[in-house]
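Residue strings, one per chain:
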Amino acid sequence: MTSAVSYELVDEIGVITVDNPPVNALSHAVRQGLHDALRAAQQDASKAILIICAGRTFIAGADITEFGKPPQEPHLPDLCSEIENASKPVVAALHGTALGGGFEVALSCHYRCALATAKVGLPEVKLGLLPGAGGTQRTPRLAGVRAALDLITSGNPIDAAKAASLGLVDHLVEGDLREAAMAWCGELVAKNAPRRKTSELRVETISDGVLAEYRSKLAKRARGQIAPFKIVDCVEAAMTQPFPEGMATERKKFIECMQSPQSAAMRHMFFAERKSARIRGLSKDTPQRDIGKVGVIGAGTMGSGIAMNFANAGMDVVLLEVSDEALSNGLQIIARNYVGGIKRGKFTEAEALERRERIAGTTEYSSLADADLVVEAVFENLGLKQDIFAELDGVCKKGAILATNTSYQDVNRIAAATTRPEDVIGLHFFSPAHIMKLLEVVRADKTADDVLATCMALAKKIGKTPVVSGVCYGFIGNRMLSHYGREAQLCVIEGATPEAVDTAMEQWGMAMGPLAVFDLAGLDVGYKARQGLPEDQRGDPRASRVADTLVEMGRCGQKTSAGFYRYDADTRKRTSDPEVQALIEREAEALGVKRRDIDSSEIVDRLIFALVNEGMKIIDEGIAQRPGDIDVVYVYGYGFPAFRGGPMHYGDAVGLDQVLARVNEFRQRFGADNWSPAPLLEKLVADGTNLTDWAKANCS
Ligand code: T1G
C-alpha cells in the first residue's frame, strides 16, 4: 500500500480506503496503492472487496497536476481492467463528486452504491479531453448510447438518483456510507452475487441517424472544439467494436486530445480560475467580516440582478430606489428573472418564492443602517455615486462594507467621498448580474485587507468567479474591451462589413461577434459615455462615428430592434441591414477613409492582439495580479473561448515574437496611438521567454 491508500480485512470484506486530500485525485501514489491493495485483497480470506474514500469525496479524477509529466505505471486503464478482472466482487461506495477517472474506477467495479447526495460525472471534455480509462466504453454499456453521449459530451455531473435510473449506480444508501456499504457488500456475498463485468455487456444498437444528428448538434454547441467529436467517435466504437478494440480507439483519441493546444488551454483555465481567487501577499487567514444583510442601491437591470445573487445565497437583501415606481419596476424585473430561472430548471417555484421573499424594497436610506454590505448600482455618473457614498457614510453602521458596481469610475474618488475609505471597494458585476459568473473585485488604494478578503470569499459564496483588479479606467475587462471594440469599429469603417467582422470572430471561437455584443449591450451606453467627455477626449472618430450615427437614428441595438443589425422582436434573431451598409459607406467617405477588403485573419489578429497588448500593459501596471487572472476575466466575462485559454495564454500559444511582429506591423499601418507595443511584451521577446514562465517567477 502507499500512504494514500490503506487496506484492511473487516469480517469477510476487504476494505480499500483512498485518502489523498483534497479530492482523492488519482495520483501515482493512489494508483499504486489501489494496485497493491487489490492484490492483497485477492490473496486473503475476503469474499468481496469494497473501494471507498476518506474525506469529502470519492475520487474526483486523474491528478491533473501530473498531466504533461512522463506517465507512470500503473496506468489508469490497466488499473480499471485489474479491478474488473478481480477474482472477487468489487464494490465502489460513492460520496461527494465521483468524477472523471474516479467514476471510471467505479464503472470498472462490479457494483456501485452511493449516498443520495453524491454526484457522478465525466467532466474531461471541460479540460479538452475525453474519459481515457474506459469511460466511453463502459458508460454506454450500462446507460445506453444517448445517455452516455449526453453525460460525456456535456461533462456535467448528475445526481445519484439520476445515475441509478440510468443503471450507473446500483444502490442508494443513507446514513454512514461505510456502514451502509459494508452491509450491502454482506448482502451481495450472502446471495453469492456474481462479478458483473461491464465490459461484457452489449451496447444497444441505434440507427446511424442518431450519431449524425448528435454530431450536427455539437457543431453548433461545441463550435471549434475537438474533444466532443472524438467522444462521439469513441461511443460509436463502443457500439461497433469489441471492447478491447474500443478501448484502443479510446486510448488513441485520448492521446490526440491530451496533446492538443485546446486541452493545454482548458487545463490552464482550470488552474487559473482557482488561482484567481487568491490574493497575492495576503494571508489565507486574513479575518473576514460577517455578511448577513445586504443593501443594494438601484433597482435597474444590474441592481435587481445583484440583489438576486445575495438572496439566492440565503442572505437578506434590502433594495433601495428613489421612488415607489422605480422600486416596483425593479421588483418586477426580479420576478421575471425568477420565472425565467424556473423555466430553465435552475430552481423550483418554492425555491424561487423563498428567495424573492428575502428581498425587501425601500425608498429610505435609513433601511440600510444595519446592512453589513451595501452595493451601489446606479448609472455611470461619478458625482451621483459620490453623493450616494457620502449619504451611506452617514447612515451605515461602523464596519459595513461599502461597494460600488461601477464599470469605469475611479473607486478612489468614490471612496474619498466618505470618512471610511478603508471600507470602500468595487464589486463589478457583469450583465446579466444574476447569471454571469465573473466578478471584478476592485481594490482601491485604501481598501482594507479584511474588506478585500471578505469580498473574495463572498464572491465564491454567491457562485461568482472573483478576480482582483486595481483602479484604472475600465479596470481589467472593459479597459481591454475598449481596444478590442475600437479595432472592430475601425475594421468596419475601413471596409469589412459588420457581418464579416462578427463571423470572423465567431468562427475563431468568440461566443458572439463584437458588433452583435455592442447591439446587445446597447450602442447608447458608449454614446453617452463619449458625450460625457470633452470633444478632444472622445478618441478616434473613425472608431465611433458609425455607432454614434446609429444611436442618433434611434438604432440603439437589440433594445430598439435595430442597431448594427435588425432584430426579430420575438426571436431576437439578427439580420443584416443594407441601410447600415449604406450608412457605413457614407461615413467612411465623410471621414476620408479609403475602404478596402479586409480578410478574416487581419480582423482576428487586430482584435485579439489588441487584447493581448493591452493585457500586457495591465500586468505591467500591477492592475491585474497575474496573466491567468486576465484570462479568467475574458473567458468568464466576455465570451472568450476556453479552448483558447484566454488572451494571455493565447499570446503565449501563438508565440510572443509573432504577436510583437504583428503589433509592430499594425503600428506602421495604423499609427502608434492605437498600436504602441507593451513594454512587457517587448521585454519578454527580447529575453526570449514567455508570459507563463515570467509569471511563475514574478506572480506566484
Ligand atoms: N487533480 C488535481 N487537483 C485537483 C483536481 C484534480 N482532478 N480537482 C481538484 N483539484 C484541486 C484544485 O486544484 C484545488 O487545489 C483543490 O483540489 C480543491 O478544488 C483518465 C484524464 C472536485 C468538483 O475534471 O471539478 O480524470 O487550489 O477548489 O470547488 O478519464 O475540484 O486548493 O490547491 O475546485 O470543492 C477529471 C476537477 C480529471 C474534476 C471540487 N476530473 N475538479 O470542487 O474545490 S481528468 C475533473 C473539480 C480525468 C480520466 C481523465 C472540482 C471538484 P488548491 P476546488 P471544489
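Just above sits the structure.
Residues numbered from 1 in each chain as written. Predicted model: local features only at pLDDT ≥ 70, side-chain atom pairs only at ≥ 80, totals over all residues. Heavy atoms only, no water.

Draft legend 1. Inspection of the overall build of the protein at higher detail. The number of helices and strands found in the protein is 29 helices and 19 strands. Compactness check: the protein gives a C-alpha radius of gyration of 28 Å against a globular reference of 27 Å for 700 residues, within 12% of the reference. In terms of overall dimensions, the protein has C-alpha extents of about 85 × 60 × 55 Å along its principal axes. Within the protein, the fraction of its 700 residues that count as buried is 56%. Split by element, the accessible area of the protein, about 29,200 Å² in all, is 51% carbon and sulfur. (Helix = DSSP H or I, 4+ residues; strand = E, 2+ residues; numbered from the N terminus. Rg over C-alpha atoms; globule rule 2.2 N^0.38 Å. Buried < 20%, exposed > 50% of the residue type's maximum accessible area, 1.4 Å probe, protein only. Areas by Shrake-Rupley, 256 points an atom, 1.4 Å probe, with all protein chains shown as cover.)

Draft legend 2. How the structure looks around helix H22 (residues 545–552). With six of its eight residues buried, H22 lies for the most part within the structure. Along H22, the residues classified as buried are Val546, Ala547, Asp548, Thr549, Leu550 and Val551. Residues of H22 that are buried make contact with helix H18 (477–494), helix H21 (523–531) and helix H23 (578–590). The positive-phi residue at the C-terminal boundary of H22 is Gly554, with phi of around 85°. (Contact = heavy atoms within 4.5 Å.)

Draft legend 3. Looking closely at the side chain of Thr249. Its place among the elements puts Thr249 in helix H10 (residues 243–258). By relative accessible area, which is 16% here, Thr249 ends up buried. Residue contacts for Thr249: discarding those within four places in its chain leaves Cys234, Ala237 and Gln241.

Draft legend 4. Highlighting helix H24 (residues 600–620). Counted at 1.5 Å a residue, the expected span for H24 with its 21 residues is 30 Å, and the 30 Å between its end C-alpha atoms agrees. Most of H24 sits out of view: 18 of its 21 residues are buried. Backbone geometry just downstream of H24 places Gly622 in the positive-phi region, at approximately 75°. (Expected span 1.5 Å × (residues − 1).)

Draft legend 5. Main features of the environment of Val612. Mapping Val612 onto the fold places it in helix H24. The residues touching Val612, leaving out its near neighbours within four places in the chain, are Pro647, Met648, Gly651 and Val659.

Draft legend 6. Representation of the site of the ligand. The immediate surroundings of the ligand are formed by 26 residues, with Ala62, Glu104, Glu124, Arg274 and Arg278 found nearest. Glu124 is positioned such that a nitrogen or oxygen atom in its side chain is 2.7 Å from an oxygen atom of the ligand. About the coverage of the ligand: the protein hides 75% of its 1,000 Å² of free accessible area. Of all the secondary structure elements, the ones that give two or more residues to the shell around the ligand are strand E5 (97–99), helix H3 (101–108) and helix H11 (261–276). The biggest single contributor to the shell around the ligand is H11, with three residues. In terms of residue class, the shell around the ligand is built from 15 nonpolar, five polar and six charged. (Near = heavy atom within 4 Å. Polar contact = N/O pair within 3.5 Å; in protein donor to acceptor, adjacent residues only side chain to side chain. Nonpolar A, V, L, I, M, F, W, Y, C, P; charged D, E, K, R; others polar.)

Draft legend 7. Representation of the pattern of salt bridges. By the definition in use, this model includes 51 salt bridges. A salt bridge links Asp540 to Arg542, with the nearest nitrogen and oxygen atoms 2.6 Å apart. Asp540 sits in the partly exposed class, given a relative accessible area of 23%. Glu587 is the partner of Arg545 in a salt bridge, and the nearest nitrogen-oxygen pair spans 3.2 Å. Residue Arg545 is found in helix H22, and its partner Glu587 is found in helix H23; the two are separated by 42 residues along the sequence. (Salt bridge = Lys/Arg side-chain N within 4 Å of Asp/Glu carboxyl O.)

Draft legend 8. Representation of the layout of surface pockets in the model. Its boundaries defined by the atoms lining it, the second largest pocket holds a volume of some 660 Å³. Taken together, 22 residues make up the lining of the second largest pocket; nearest its centre are His268, Phe271, Lys275, Thr692 and Lys696. Taken together, the residues of the lining of the second largest pocket sort by class into ten nonpolar, six polar and six charged. (1 Å grid on protein atoms, 1.4 Å probe; cavity = no way out; pocket = protein on both sides within 12 Å on 5 of 7 lines; lining within 4 Å. Points joined across faces, edges and corners; volume = space filled by probe spheres on them.)

Draft legend 9. Representation of the environment of Val442 in the model. Note on placement: Val442 falls in strand E16 (residues 438–442). Overall, the relative accessible area of 0% leaves Val442 in the buried class. As a C-alpha pair, Val442 and Asp536 span 94 residues in sequence and 28 Å in three-dimensional space. Among all residues touching Val442, those that are not within four sequence positions of it are Val411, Ile425, Gly426, Thr447, Ser469, Gly470, Val471 and Phe475.

Draft legend 10. Spotlight on empty space enclosed by the protein. Under the definition given, this model contains one cavity of 30 Å³ or more. Considering the residues around the largest cavity, the lining is formed by Lys47, Ala48, Pro89, Val91, Cys185, Leu188, Val189 and Ala193. Residues of the lining of the largest cavity, tallied by class, amount to seven nonpolar, no polar and one charged.

Draft legend 11. Representation of the pairing of strand E13 (residues 373–376) within the structure. The alternating pattern of E13 places Leu373 and Val375 and Val374 and Glu376 on opposite faces, both of which are buried. Relative to E13, strand E10 (residues 293–297) is paired through four bridges, and the arrangement is parallel. Residue Gly295 lies in a different strand from E13, and its bridge partner there is Val374. The sheet contact formed by E13 and strand E14 (residues 401–404) spans four bridges and is parallel. Among the inter-strand pairings, Glu376 is bridged to a residue of E14, identified as Thr404. With helix H15 (residues 382–395) bridging E13 and the parallel E14, this β-α-β connection has right-handed handedness. (Pairing = 2+ DSSP bridges. Right-handed = clockwise from strand over helix to strand, strands pointing away.)

Draft legend 12. A look at the sheet that holds strand E17 (residues 465–469). Strands sit in the order E12-E11-E10-E13-E14-E15-E16-E17 across an open sheet of eight strands; the sheet is mixed. Across the chains shown, the open sheet's two edge strands, defined by having one partner strand only, are strand E12 (359–362) and E17. Taking the axes of each pair of neighbouring strands and ignoring which way they run, one obtains an average angle of 25° across the sheet. Strand direction decides the pairing type here: E16 and E17, joined by five bridges, are parallel. Bridging from a neighbouring strand, Glu440 pairs with Val467 of E17. This element, H15, spans E10, E13, E14 and strand E15 (424–429) of the sheet and lies at about 170° to E14. (Axes fitted to C-alpha atoms, helices over the stretch in contact; angles between N-to-C directions.)

Draft legend 13. Looking closely at the sheet that holds strand E7 (residues 119–121). Taken in spatial order, the three strands of this open sheet run E5-E7-E8, and their pairing is mixed. For this open sheet the edge positions go to E5 and strand E8 (158–159), each flanked by a neighbour on one side alone. With three bridges connecting them, E5 and E7 associate as parallel partners. Residue pairing in the sheet places Ala98 in a bridge with Val120 of E7. This element, H3, spans E5 and E7 of the sheet and lies at about 85° to E5.

Draft legend 14. Summary view of the nonpolar core. Grouped together as the largest cluster of nonpolar side chains are 77 residues, with contacts concentrated most on Ile476, Val501, Met505, Ile603, Ile608, Met616 and Phe640. The biggest single contributor to this core is H24, with eleven residues. The residues touching Met505, leaving out its near neighbours within four places in the chain, are Tyr484, Met510, Pro514, Ile603, Val604, Leu607 and Ile608. In this structure, Cys109, Ala114, Val120 and Leu168 belong to the second largest nonpolar core, which totals 70 residues. (Core = buried A, V, L, I, M, F, W, Y, C linked by side-chain atoms within 4.5 Å.)

Draft legend 15. Region of interest: the pairing of E16. Counting buried residues in E16 gives five out of five residues, a clear majority hidden from the surface. Burial along E16 is two-sided: the residues Leu438, Glu440 and Val442 and Leu439 and Val441 are all buried. Judged from the four bridges that link them, E15 and E16 form a sheet pairing that is antiparallel. Opposite Phe429, over in E16, you have Leu439 as the bridge partner. Between E16 and its parallel partner E17, the chain crosses via helix H17 (residues 449–461), and the hand of that crossover is right-handed.

Just geometry here; none of it tells us what the structure is for.
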